[in-house]
Amino acid sequence: MNKCKHCGVFIEDEKRCPLCSRNIGEAGEGAKNVWYPSYGKTETVPQLNFAGKVFFFISIAVMSICILINILSGIGNPWSLFVIFPVLYLQLLINNTILSKIRAGTKIILQVMGTSCFLFFIDLLSGFYRWSVNIVIPFLLIAGTFLITVIVIKRKMLWNEYVGYIIAMIFLGFLPVFLYLTGVADEIWASAVSALYSFLTTIGMLVFANKKFKKEMTRRFHI
Amino acid sequence: MDRWFKIDNAGKIFRSVSKESNTSIFRISMIMNEPVEKELLQKALDTVLVRFPTLSVKLQKGVFWDYLNQNNQKLLVQREEQYPCCPLKADENNGFLLRVLYYNCRIALEVFHSLTDGTGAVEFLKTLVYQYLCLAGKEIENEGLILDPDELPNKYEMEDSFDKYYQSMPARRVTETKAFHIKGTPLEPFGNNVIHGVMSSSLLNSIAKQKGSTITEYLTSALIYSIYTGSMQFGIYKEPIRVTIPVNLRRIFPSRTLRNFFTVVNVGVEPSEELCFETVLEKVSSQLRDKLQKDNLYSVMVSNVKLEKLLVARFIPVFIKNMAMRYGFENFGENSKTITLSNIGSIKLPGSMCKFVDRGEVIIYPTFKSPVNCGVCTVNDSLTVTFSRTILEADIIRCFFSFLSRESGLEIKVYSNNWGKVYE
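No experiment lies behind these values; they were computed from the predicted model shown. (Residues numbered from 1 in each chain as written. Chains lettered and ligands numbered in written order. Predicted model: local features only at pLDDT ≥ 70, side-chain atom pairs only at ≥ 80, totals over all residues.)

## Here we look at the domain arrangement of chain B
Residues and elements named next belong to chain B. The assigned domain composition of chain B is domain 1 (4-165) and domain 2 (193-416). For domain 1 versus domain 2, the separation of C-alpha centres amounts to 22 Å. Listed as interface residues are 57 residues of domain 1 and, on the opposing side, 47 residues of domain 2. Taken together, the elements giving at least two residues each to the side of domain 1 that touches domain 2 come down to α1 (9-17), β2 (25-32), α3 (118-135) and α4 (161-165). Looking at which element gives the most residues to the side of domain 1 that touches domain 2, the answer is α3, with nine residues. For the side of domain 1 that touches domain 2, a count of residues per class yields 25 nonpolar, 18 polar and 14 charged. (Domains from an automatic or database assignment. Contact = placed C-beta atoms within 7 Å. Helix = DSSP H or I, 4+ residues; strand = E, 2+ residues; numbered from the N terminus. Nonpolar A, V, L, I, M, F, W, Y, C, P; charged D, E, K, R; others polar.)

Written out as structure tokens, the structure reads:
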């Protein structure tokens, strides 16, 4: 054991003092740190998702070019929005749904929400005939709930992992009725079907997965 | 059994603020006298993990609060390869929120702070090492100092003591001013550099006694003095140097919980041109003794739990609460401290086990605003002070050990993991 004269501490098995980095010499060339592994050349974090970054840059470029041309050629007709919303949706589709490694449940919920928003804005920009809120969004929510139900049934081992997604989709299923009640939608039948489907999914969960579902609900909603 | 646990009051904070630069993962380890055998350690872990249900859990997302579900998968021991207290990846560890590592003679437990505090982690590690030594054929008596791995877990060990001992009473939250923050060059690549200093506990205790203080008071004062001499002496600083000291609440309540049950107190000194160690020691001893009074500790605990118990707060979705907690942590908790010094104290082992264990180590994770932190523990009269840091500059650490060596004449053995050091 050597003493670092500068710091006044004893150093074992190292060529340099860990405090002042001075060479303490006598430890010899063979000295090896026995207390910790040799980290060697630590790998730097790889540039993850390069394709995603490229697409992100292209999206920003396309959107900003369109906005600029739209402004320079007169703002009266906001045609650039017809480019911006599809590009934003493609961003979600490529970076989140295709390239990302997140759970299928999260992908489905984000897709349902993203597609709903995209179609709502397209509907809004093209005269707001309400086809999105009256028909498409309710059926998208039904499809999303159905898909997650299939995953829950198919992958029983992951039941409790996916129950959160089902609960989220059940809540979202009632959204079209809310849109109808607030006057955003003007046809009730598809919204009612969506709410009914959510209701039946809840009942199905309570009947077929009785104890598990109740337990999971207690845990997830504890205050 | 399909158990689940609510995250306790302290655990909720760690859950919301943890990220790569603030992992909320601390390490407690024991250095054995012989190299560790992987297979035996795995066997010991398989037995011991069942005995500690509050640690064999995985994190689940809830609507109003997240929670911990029993994890029935296998936790594998790992050979140490990464820097201490590095982030836990969900796919690395079957969802467990702890790691059991071995390297040469070291058995280390790294655990996410939402699960337990130093006391709980020490109990787990003691039982693990006991079981490991038993499997290795060593004759060891339990002597009532180790939780028996074959016993069933006790319900009092699983209780949320914050909840149990909380009583609604007026408690004023003291808002402290901004403290001095240590700054430096971030290590490249990012990681934790640790430096351990080993010294005799009994000698340090007698030196502290001579000065009329305890080991914690003496080390805290030495730390403040080192920050002053190593960082502040030649600048114009007005902020106080404030050390955060975690305090075990089991010392004032008869709790046997293995979950979090601690609070923190801050002690600090205003810098001045002529600051000497004796003045610092006097101020620190006086503040610490005052703040460790039962009434004060209880008041701090109540003020923390009170926020969680608010009816309005309970029904706010967890992601909003997490944002609020992160804001509070960054702007009140982290802003008001310079450094954390956590003294786990003396880890008592059965006499027959002592000869197989050389010493212990405690590593406290650094954070962005507190890039140097300090952990202390004693095993077999060996007191180990461990500094962990995410910055290149080690001036404060050098001042600390040099001061101790010079002032007290203690023989201090120093070693490091050398993370981020590039030698020609």
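Next, the rest of the story.
## Details of unusual backbone geometry
Residues and elements named next belong to chain B. Put simply, Glu-188 and Pro-189 share a cis peptide bond, and its omega is 0°. For Pro-189, the location among the structural elements is in the loop between α4 and β8 (193-200). The phi angle at Cys-85 is positive, at roughly 60°, despite the residue not being glycine. Mapped onto the fold, Cys-85 is located in the loop between β5 (78-79) and β6 (98-103). Residue class for Cys-85 comes out buried when judged on the 23 C-beta atoms lying within 10 Å of it. (Buried ≥ 20, exposed ≤ 12 C-beta atoms within 10 Å, placed from the backbone.)

## Remarks on the packing of helix α5 (residues 201-210) of chain B against helix α6 (residues 215-232) of chain B
Residues and elements named next belong to chain B. Close contact between α5 and α6 brings their axes to 9 Å; oriented N to C, the two are set at 80°. Here α6 runs roughly perpendicular to α5, going by the angle between their axes. On α6, the residues touching Leu-204, Asn-205 and Ala-208 of α5 are Ile-215, Glu-217 and Tyr-218. Here the contact of α5 with α6 is built from residues that sort into four nonpolar, one polar and one charged. (Axes fitted to C-alpha atoms, helices over the stretch in contact; angles between N-to-C directions. Parallel < 35°, antiparallel > 145°, perpendicular 65-115°, else oblique.)

## Here we look at the interface of chain A and chain B
Chain A puts 26 residues into the contact, and the matching count from chain B is 35 residues. Every element with two or more residues in the side of chain A that touches chain B is listed here: β2 (9-11) and α8 (210-220) of chain A. When residues in the side of chain A that touches chain B are grouped by element, the largest group, three residues, is from β2(A). The residue makeup of the side of chain A that touches chain B, split by class, is 15 nonpolar, six polar and five charged. As paired elements, β2(A) and strand β15 (residues 413-416) of chain B share two bridges and run parallel to each other. When the bridges of β15(B) are listed, A:Ile11 appears paired with B:Val414. (Pairing = 2+ DSSP bridges.)

## Quick notes on the environment of A:Gly127
All names here are of chain A. Among the structural elements, Gly-127 can be located in the loop between α3 (104-125) and α4 (131-154). Judged by the 7 C-beta atoms lying within 10 Å of it, Gly-127 falls in the exposed class. For the pair formed by Gly-127 and His-6, sequence separation is 121 residues and the distance between their alpha carbons is 80 Å.

## A few points about the UniProt feature "transmembrane region" (unreviewed entry) in chain A
All names here are of chain A. If you check UniProt for "transmembrane region" (unreviewed entry), the listed places come out as residues 54-73, 79-96, 108-129, 135-153, 162-182 and 188-209 in our numbering. Taken end to end, residues 108-129 has its terminal C-alpha atoms 27 Å apart, with 82% of it in helix and 0% in strand. The distance from the first to the last C-alpha atom of residues 162-182 is 31 Å, and the span holds 90% helix and 0% strand. (UniProt positions renumbered as here; feature names shortened; annotations may be inferred.)

## What about the domain arrangement of chain A?
All names here are of chain A. With domains assigned, chain A is organised as domain 1 (1-41), domain 2 (48-101) and domain 3 (103-223). When each unit is reduced to the centre of its C-alpha atoms, the spacing between domain 2 and domain 3 is 27 Å. Split into classes, the residues belonging to the side of domain 2 that touches domain 3 amount to five nonpolar, two polar and no charged.

## Focus: the sheet that holds strand β14 (residues 382-389) of chain B
A sheet is described by the order of its strands in space; here nine strands give the open sequence β1(A)-β2(A)-β15(B)-β8(B)-β14(B)-β13(B)-β11(B)-β9(B)-β10(B), paired in mixed fashion. Since the sheet does not close on itself, it has two edges, and those belong to β1 (2-4) of chain A together with β10 (262-269) of chain B, each with one partner. Geometrically, the sheet is characterised by an average inter-axis angle of 25° between neighbouring strands, direction not taken into account. The pairing of β8(B) with β14(B) spans eight bridges and is antiparallel. In the strand pairing of β14(B), B:Ser200 is matched with B:Ser382.

## Some thoughts on the pairing of β15(B)
Examined bridge by bridge, β8(B) and β15(B) share four bridges and lie antiparallel to one another. Bridge pairing in β15(B) places B:Gly197 opposite B:Val414.

## Some remarks on the packing of α4(A) against helix α7 (residues 189-208) of chain A
Residue and element names in this part refer to chain A. Two elements in contact, α4 and α7, have axes separated by 8 Å at closest approach and are oriented at 15°. Our classification of the angle between α4 and α7 gives roughly parallel. The two elements α4 and α7 cross, and the hand of that crossing is left-handed. Contacts from Asn-134, Ile-135, Pro-138, Phe-139, Leu-141, Ile-142, Thr-145 and Thr-149 of α4 reach α7 at Ala-190, Ser-191, Val-193, Ser-194, Tyr-197, Ser-198 and Thr-201. The class makeup of the residues in the contact of α4 with α7 is eight nonpolar, seven polar and no charged. (Left-handed = near helix turned anticlockwise from the far one by under 90°.)

## As for the sheet that holds strand β3 (residues 57-60) of chain B
Residue and element names in this part refer to chain B. Taken in spatial order, the three strands of this open sheet run β1-β4-β3, and their pairing is antiparallel. The sheet is open, and its two borders are formed by β1 (4-6) and β3, each paired with just one other strand. Taking each pair of neighbouring strands and ignoring which way they run, the sheet shows an average axis angle of 30°. Across three bridges, β1 lies against strand β4 (residues 67-70) in antiparallel orientation. Looking at the pairing, Trp-4 lines up with Asn-69 of β4.

## Comments concerning the pairing of strand β11 (residues 339-346) of chain B
Residues and elements named next belong to chain B. β11 sits mainly inside the fold: six of its eight residues count as buried. Here two bridges tie strand β9 (residues 241-248) to β11, and the two strands are oriented parallel to one another. Across the sheet, residue Val-243 finds its bridge partner in β11, namely Ile-339. As paired elements, β11 and strand β13 (residues 372-379) share five bridges and run parallel to each other. Residue pairing in the sheet places Leu-341 in a bridge with Cys-374 of β13.

## Examining the nonpolar core
One finds A:Leu19, B:Ile107, B:Leu223 and B:Ile224 to be the most contacted residues of the largest nonpolar core, which totals 127 residues. With nine residues, the top contributor of residues to this core is α3(B). Discounting residues that sit within four places of it in the chain, B:Ile224 has contacts with B:Ile241, B:Val243, B:Val269, B:Val280 and B:Val284. Membership of the second largest hydrophobic core comes to 23 residues, among which are A:Leu140, A:Tyr165, A:Leu172 and A:Ala185. (Core = buried A, V, L, I, M, F, W, Y, C linked by C-beta atoms within 7 Å.)

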